[in-house]
Amino acid sequence: MPLPKPAEQTRHPAEADPAIADSAAPAAPVEARAAAAVAPPLPSTRLALVESRARSGRKARPAGPARLFVLDTNVLMHDPTSLFRFEEHDVFLPMMTLEELDGHKKGMSEVARNARQVSRSLDALIAVCKNPIEDGIPLSGLGNADATGRLFFQTTAVAGPLPSTLPAGKADNQILGVVRALQDMHPGRDVVLVSKDINMRVKARALGLPTEDYTSDKVLEDTDILYTGSLALPVSFWDRHGKGMESWQHGGFTYYRLTGPQVGEMLVNQFVYLEGDTPFLAQVKEIRGKTAVLRVLRDYLHAKNAVWGITARNREQCFALNLLMDPECDFVTLIGQAGTGKTLLALAAGLAQTLEVKRYAEIIVTRATVPVGEDIGFLPGTEEEKMAPWMGALEDNLEVLTRGDDAAGEWGRAATIDLIRSRIRIKSMNFMRGRTFLNKYLIIDECQNLTPKQMKTLITRAGPGTKVVCLGNIAQIDTPYLTEGSSGLTFVVDRFKGWQHSGHVTLQRGERSRLADHAADVL
């Protein structure tokens, strides 16, 4: 069948998700196809690849036919909405992809739920399509206005020439054969395999087939530019911003209202600091045009401001405690390597506000149960007993926080420990859906192992008076198919920055021990 007329616009898959178009870097160009003998198209194949509509109101792009993306199964299971992320380009699903999707739909895991969601989307698209399925199904049929391309299924047996050494029965090789056949049938069009499987992409490149990673779910292409929550001020800051500055005191805090060029780089609830003989630590509380209001921080480095007996050991820990102790800050994210004090600070602030100030009714602690090594299998007992092996970090920090005053004796220490444990609840993420937490202090540990969808499920559990604290280290991700750029923790840090009721701090220095600090640096 002849190729359609060239589309007026093309768009790279790295720009496919509008939510990340400003932050994602363009993906690498597709590798050139190897020069090889091309088999003639199969006459029985019915693939009418029609021209996709150009999006109105978009910047003009180089002319050429819309690309055809062949999706591997793992892309659909990783992001069930990936079908609608390719804008004006067309999507092709091989029969083997559908077979593998059917094999993963059973169960209660996240992968099984995603597989079922994809199946429902495919069924709904077919139901609303009035044209023959061979002509392509408009991806905009379910209201996805950004997806102006068409969806094609493999309706006949197609197989391109592959090396005889590759086992023909393997699923990956069958998908590669479909990609080769589509190339042969449409030599004037870019046919690209999209897969999350690195080995699959390596094998495709070895065969001269264009292939790319699925990048639409990435918040940032380079995590080095991830929002850190703090901004270093230049030495000349006061010279350039001191003119016309106002200052006042309210509620025990000192405020400054100033105007200058540096204000354009600031975000609400971001921390700013100036080093030198007279250090200046402040938090941006308001931004209006080129005018900002800064509030001087409470000095948690001093023992008089200790939180449950804990004082900050560095500047970033002081930033974190200011967020954790702020009743107006409902959502806090802390990122840092092992030993930077994330869990200790969050737990100390939670105990102080639950038992001393009584701002919250109780502390709820949960975490992603992703093993580093082999899984130890099912565990007996109640929900809290099953979660106990995963809460070693909580127990270690409770031991530090309950040392207390030795003058109270063993009985007094035991009573304190019992009181603390009565206000701490350990919950599993598996039973969070549908719940609402009222006046709770919710700590979510190891957030780097959660997907953006899981993070949304947990954060939306917060009811009135609840504070959510997310902790994690994006350099230690144990979940397959998650990277630093696509982690749920990276997702919420980027999406919540600048909101007046949220804050973020990246902890830089380890404070666990000189051995742990040295190991983190050299290993």
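So, how was this worked out
- Residues numbered from 1 in each chain as written.
- Predicted model: local features only at pLDDT ≥ 70, side-chain atom pairs only at ≥ 80, totals over all residues.
- Heavy atoms only, no water.
- Pairing = 2+ DSSP bridges.
- Helix = DSSP H or I, 4+ residues; strand = E, 2+ residues; numbered from the N terminus.
- Axes fitted to C-alpha atoms, helices over the stretch in contact; angles between N-to-C directions.
- Contact = heavy atoms within 4.5 Å.
- Core = buried A, V, L, I, M, F, W, Y, C linked by side-chain atoms within 4.5 Å.
- Buried < 20%, exposed > 50% of the residue type's maximum accessible area, 1.4 Å probe, protein only.
- Salt bridge = Lys/Arg side-chain N within 4 Å of Asp/Glu carboxyl O.
- Lys, Arg positive; Asp, Glu negative; His and termini not counted.
- Phe/Tyr/Trp six-rings, centres within 6.5 Å; stacked < 30°, edge-to-face > 60°.
- Lys NZ or Arg CZ within 6 Å of the ring centre and 35° of its normal.

Engineer: Please provide a residue-by-residue account of the sheet that holds strand 12 (residues 291-296), values included.
Structural biologist: Two modes of strand pairing occur in sheets, parallel and antiparallel, and in both the strands are linked by backbone hydrogen bonds. The strand order 7-10-11-12-9-8 describes an open sheet built from six strands, whose pairing is mixed. Where the open sheet ends on each side, the last strands, each with one partner, are strand 7 (230-232) and strand 8 (246-250). Going across the sheet, the axis of each strand differs from the next one's by a mean of 30°, ignoring polarity. Note that strand 10 (residues 271-274) and strand 11 (residues 280-288) share four bridges and pair antiparallel. Residue pairing in the sheet places tyrosine 273 in a bridge with leucine 281 of strand 11. Sitting on the sheet, helix 7 (residues 315-324) touches strand 7, strand 10 and strand 11, and the angle it makes with strand 10 is about 145°.

Engineer: Explain the nonpolar core to me, and be specific about the residues and the numbers.
Structural biologist: Counting 41 residues, the largest nonpolar core has Trp308, Leu324, Leu347, Leu351, Ile424, Tyr441 and Ile443 as its most contacted members. Per-element accounting of this core gives the leading share, eight residues, to helix 8 (residues 342-356). Counting 24 residues, the second largest nonpolar core, distinct from the first, contains Leu83, Phe84, Leu93 and Val118.

Engineer: Give a detailed account of the pattern of salt bridges, specifying residues and quantitative values.
Structural biologist: Counted under the stated rule, the structure contains 15 salt bridges. When the shortest N-O distance is used, the salt bridge between arginine 67 and glutamate 212 registers 3.2 Å. Of this pair, arginine 67 sits in the segment before strand 1 (68-71) while glutamate 212 is found in strand 6 (residues 211-212), placing the two residues 145 residues apart along the sequence. Judged by its relative accessible area of 6%, glutamate 212 falls in the buried class. Across the pair arginine 288 and glutamate 286 runs a salt bridge whose closest N-O atoms are separated by 3.2 Å. By relative accessible area, which is 62% here, arginine 288 ends up exposed. Among the ionic contacts, a cluster of salt bridges with common partners joins Arg67, Asp190 and Glu212.

Engineer: An account of the side chain of arginine 180 is requested, with residue identities and associated values reported.
Structural biologist: Its location among the elements puts arginine 180 in helix 4 (residues 171-185). Buried and without a salt bridge, arginine 180 has aspartate 184 as its closest oppositely charged side chain, separated by 5.4 Å.

Engineer: Got a sec to walk through unusual backbone geometry? Specific residues and values, please.
Structural biologist: We note that glutamate 87 has phi near 50°; this positive angle belongs to a residue other than glycine. Among the secondary structure elements, glutamate 87 is positioned in the loop between helix 1 (73-78) and strand 2 (90-93). The backbone of glutamate 446 sits at a positive phi, close to 55°, despite the residue not being glycine. As for its position among the elements, glutamate 446 is in the loop between strand 16 (440-445) and helix 12 (452-459).

Engineer: Help me get a handle on the packing of aromatic side chains, residues and values and all.
Structural biologist: Across all of its chains, the model carries 12 aromatic pairs by this definition. Both rings, one in phenylalanine 237 and one in tryptophan 238, keep their centres 5.1 Å apart while their planes meet at 70°; by these two values the pair is edge-to-face. Ring geometry for tryptophan 248 versus tyrosine 255: centroids 5.6 Å apart, planes at 5°, classification stacked. Overall, tryptophan 248 belongs to the partly exposed group, its relative accessible area being 30%. A relative accessible area of 12% means that tyrosine 255 is categorised as buried. Feature note: the residues Phe237, Trp238, Tyr256 and Phe280 constitute an aromatic cluster, connected by ring pairs. Across the ring face of phenylalanine 253, the terminal group of arginine 295 is positioned such that the distance to the ring centre comes to 4.3 Å. The lysine or arginine in question, arginine 315, covers the ring of tyrosine 273, its NZ or CZ lying 3.9 Å from the ring centre.

Engineer: Provide a residue-level description of the pairing of strand 4 (residues 150-153), including the pertinent values.
Structural biologist: On strand 4, burial covers both faces: Arg150 and Phe152 on one face and Leu151 and Phe153 on the other are all buried. Inspection of the sheet shows strand 2 paired to strand 4 by three bridges, in the parallel sense. Paired with leucine 93 across the bridge in strand 4 is phenylalanine 153. The pairing of strand 3 (residues 137-138) with strand 4 spans two bridges and is classified as antiparallel. Its bridge partner lying in strand 4, isoleucine 137 is registered against leucine 151.

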